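A look at the structure
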2 protein chains.
Amino acid sequence: MIFDHKLRLKKLRIELKKLGLSSLLITNETNVRYLSGFRGGDSLVIITPDSQFFLTDSRYTEEAGDSVSGFTVVEVTTSTYDCLGEIVKKNRIKKIGFDSLNLPYEVAKRLAGCIRPARLVPIKNIIENLRAVKDPGEIEAIKRSVNVTGDVLKKAMGKIRPGISEQSISDSIECEFIKRGARIAFETITACGRNCSKPHAHATKDRIASNDVVMLDMGCRLDLYNSDITRMVFIGKVKNKIKEIYGIVKAAQSAEIEKIRPGVKISEIDLAGRGYIARKGYGKFFGHSLGHGIGMDVHEEPSISKKNDNILKSGMVFTVEPAIYLPKLGGVRIEDMVLVTDKGCEILTR
Amino acid sequence: MIFDHKLRLKKLRIELKKLGLSSLLITNETNVRYLSGFRGGDSLVIITPDSQFFLTDSRYTEEAGDSVSGFTVVEVTTSTYDCLGEIVKKNRIKKIGFDSLNLPYEVAKRLAGCIRPARLVPIKNIIENLRAVKDPGEIEAIKRSVNVTGDVLKKAMGKIRPGISEQSISDSIECEFIKRGARIAFETITACGRNCSKPHAHATKDRIASNDVVMLDMGCRLDLYNSDITRMVFIGKVKNKIKEIYGIVKAAQSAEIEKIRPGVKISEIDLAGRGYIARKGYGKFFGHSLGHGIGMDVHEEPSISKKNDNILKSGMVFTVEPAIYLPKLGGVRIEDMVLVTDKGCEILTR
């Protein structure tokens, strides 16, 4: 897969400039990967006005040399702090941004001491906001990931029948991902009957009954990109209550998806479905936010919540997952992934 | 599995007292799990002089109600910050510790504002240091995890032959873990030939040759506890150079393991093997530290490095993994897990 890392760096420098900065320390593993293409861990990127440095340790030096281009690769032998301090000094950096939602308090404090008289400037979500809008290579990669999840979902649905346990369904889903060169994006949720009232249920040894309902929430990571889908499977005649809330959740999701297009406030998407569910009397049984951006991380920007007043942009990819959970009784969630297009949206999951 | 969460809380309060504190905010997911037994995510624990609170959101309220005992479970509906502020106020807390190596800078700053006039006090590794010494239930759980990894390793070794790809070996290992009710603890490393020079190689489509060498670094998580082992597999006649460094790494590991007993400085364990490798002329080809504590996290305290001057204690569990990596040529790592006993150590991996 070929991604344009140079273009990403260029866009980042433009955003930095808007904040009056020309240097940035990047510590979040996914952000390091996004900018450099490096697939290992425990590495850092430093952007300076004229260059960019990739700091790693001996476990990764050879891999970085092979896979990271356009960066000066530096092997840290003793202290990352000292190494950073030296780069800041040599490049006459006066202030440098850092990801204040990622870097631990203690690390930021120590680092501030090591780069004096230069100054650390807290920055939030600068790369996360770039990542929220996917480039064409990313959209392709996400679609491939979605396809694998779709295939495995179909296979799993064929396997569901009374007598089989939640755990064995989760197990077979996870093996099927591996056979297709993918890995789980998150712990697979297989929940039946009243277990569906827990939004993040762990698969148990409980067996599926006749006239039961099964929630499958699953997704894979393929070539660094994640997918995520939730489907409800009905076996025989399910309770009327469950059928009723299924209809409401389905209609809520349609109302939400209808709203999706560039320029719309993100909170409006959440409120469209939440309002519908509330009007049907189930408002207090839908507690979580409507969805989350997805890409190199399973949960990333944009967060699709009633508190997010940012604007949807073409190229954003996120989940739409309204739900109703009735404690000790059961629940329904329907989750699809959508891509914001120029005029509306494309549902990636079928 | 039954763990004594009450005893853990009691030990934590004793450690807190030594620091002149009686309240603590716990944000690290593994630490929350260690203290409460909760298996979900996105939750917090607050220790106050007379009580302990478990803060979660609607996705986990039902699960927390079922599984967390001895805590007041609080569902956060709007803002975690406000909720924390209220608890601090109601309980008349004047200062509260927080995990400064875990909490992001920005979160600590916002939190400090929300709990005023109470004061946030940065604390490092207080729970990590308790976790470093395993209790009997944990040692049993770790042994079960090691056994599953041992079984799967044996099966994988039977599968290795010329013509098979690194990727297909990793794939089958990961499926075998799932069949045994476990999950990978980390990305399985299967590397052959010169790929072994990368300490953290990713499995590729490269096929094993005749007279080849294969590095398998693998481990599982079973019932929350991790295992981790590295073995070299020789097929046919391997190069003399590889045989030579294998002998050196093996002897270095023996020298290290011989040193392990309560009361010894941790740095001495690292230096024993590192010195041996250096005397044989390969010092600069062993860059990483000797090992890491392992338990609920794959990497935890104690770090077995030349910089760690803390003292070994009975009940600690960690890896011993000396290595020599020759860039573009190949490498050897041997990794075992050991438990510090009253008089020496027990090698958990065979």
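Thresholds applied
Residues numbered from 1 in each chain as written. Chains lettered and ligands numbered in written order. Predicted model: local features only at pLDDT ≥ 70, side-chain atom pairs only at ≥ 80, totals over all residues. Heavy atoms only, no water. Helix = DSSP H or I, 4+ residues; strand = E, 2+ residues; numbered from the N terminus. Rg over C-alpha atoms; globule rule 2.2 N^0.38 Å. Contact = heavy atoms within 4.5 Å. Phe/Tyr/Trp six-rings, centres within 6.5 Å; stacked < 30°, edge-to-face > 60°. Buried < 20%, exposed > 50% of the residue type's maximum accessible area, 1.4 Å probe, protein only. Lys NZ or Arg CZ within 6 Å of the ring centre and 35° of its normal. Least-squares fit on C-alpha atoms with pLDDT ≥ 70 in both. Buried area = accessible area lost by both parts, 1.4 Å probe. Salt bridge = Lys/Arg side-chain N within 4 Å of Asp/Glu carboxyl O. Polar contact = N/O pair within 3.5 Å; in protein donor to acceptor, adjacent residues only side chain to side chain. Nonpolar A, V, L, I, M, F, W, Y, C, P; charged D, E, K, R; others polar. Axes fitted to C-alpha atoms, helices over the stretch in contact; angles between N-to-C directions. Parallel < 35°, antiparallel > 145°, perpendicular 65-115°, else oblique. Left-handed = near helix turned anticlockwise from the far one by under 90°. Pairing = 2+ DSSP bridges.

**Regarding the overall build of chain A**
A count of helical and extended segments in chain A gives 10 helices and 19 strands. A globule of 350 residues ought to have a C-alpha radius of gyration of about 20 Å, and chain A, at 23 Å, matches this closely. By sequence separation, contacts in chain A at least 24 residues apart represent 66% of the contacts at least 6 residues apart.

**Observations concerning the packing of aromatic side chains**
By the definition in use, this model includes 15 aromatic pairs over all chains. Look at Y282 of chain A and F285 of chain A: their rings are 6.2 Å apart centre to centre, the planes differ by 55°, and that puts the pair in the tilted class. The exposure class of Y282 of chain A is buried, given its relative accessible area of 7%. Ring geometry for F3 of chain B versus Y225 of chain B: centroids 5.8 Å apart, planes at 50°, classification tilted. Of this pair, F3 of chain B sits in the segment before α1 (5-18) while Y225 of chain B sits in strand β11 (residues 225-226), and the two are 222 residues apart along the sequence. Both residues of the pair, F3 of chain B and Y225 of chain B, count as buried. Through successive ring pairs, a cluster of aromatic residues spans F38, F54, Y60 and F71 of chain A. Positioned over the ring face of Y34 of chain A is R8 of chain A, at 4.0 Å from the centre of the ring.

**As for the relation of the copies chain B and chain A**
In the superposition of chain B on chain A (RMSD 0.0 Å, axial shift 0.0 Å), the rotation amounts to 180°. With respect to symmetry, the two chain copies, as superposed, fit the operation of a two-fold axis. Same-surface contact between copies: 100% of interface residues of chain B are shared with the interface of chain A.

**Structural notes on unusual backbone geometry**
Where the residue is not glycine, phi is negative for most of them; where a peptide bond is considered, it is trans in most cases. All names here are of chain B. Residues R116 and P117 are joined by a peptide bond in cis, for which omega reads 5°. Positionally, P117 belongs in the loop between α5 (105-114) and β6 (119-123). The residue after E301, namely P302, is reached through a cis peptide bond having omega 0°. Along the chain, P302 falls in strand β14 (residues 300-304). Even without glycine at this site, D223 takes up a positive phi of about 45°. Note that D223 resides in the loop between β10 (220-222) and β11.

**Brief notes about the interface of chain B and chain A**
When the parts of a complex come together, some accessible area is lost, and that lost area is often used as the size of the interface. Of the residues lining the interface, 39 residues belong to chain B; the matching set on chain A comes to 39 residues. Carbon and sulfur atoms make up 53% of the area that chain B and chain A hide from each other, which totals about 3,400 Å². Summed over the three residues of chain B that lose the most area to chain A, namely R59, E62 and Y105 of chain B, the buried surface amounts to 19% of that side. Remark: the boundary between chain B and chain A carries 12 salt bridges. For K328 of chain A, the salt bridge is made with E62 of chain B, and the minimal N-O distance between the two is 3.9 Å. At the junction of chain B with chain A, the criterion picks out 24 residue pairs in polar contact (both at pLDDT 80 or more). A total of six residues in the side of chain B that touches chain A trace back to one element, the largest contributor, which is helix α8 (residues 166-179) of chain B. Per-class residue counts for the side of chain B that touches chain A are 13 nonpolar, 12 polar and 14 charged.

**A look at the packing of helix α9 (residues 240-259) of chain A against helix α10 (residues 266-279) of chain A**
Residue and element names in this part refer to chain A. Their axes nearest at 8 Å, the elements α9 and α10 cross at an angle of 155°. Between α9 and α10, the angle falls in the class roughly antiparallel. Pair α9 / α10 crosses with right-handed handedness. Along the contact surface, α9 presents I248, A251, A252, A255, E256 and K259, while α10 presents E268, I269, D270, A272, G273, R274, Y276 and I277. Looking at the contact of α9 with α10, its residues break down into eight nonpolar, one polar and five charged.

**Brief notes about the sheet that holds strand β8 (residues 189-192) of chain B**
Residues and elements named next belong to chain B. Taken together, the three strands give an open sheet; going across it, the order is β8-β9-β12, and neighbouring strands pair in antiparallel fashion. Every other strand in the sheet has two partners, leaving β8 and β12 (229-234) as the edge strands with one partner each. Strand-to-strand twist across the sheet, computed as the mean angle between neighbouring axes with direction ignored, equals 15°. As judged from the four bridges shared by β8 and strand β9 (residues 213-218), these two strands associate in the antiparallel manner. The partner of C192 across the bridge, within β9, is V214.

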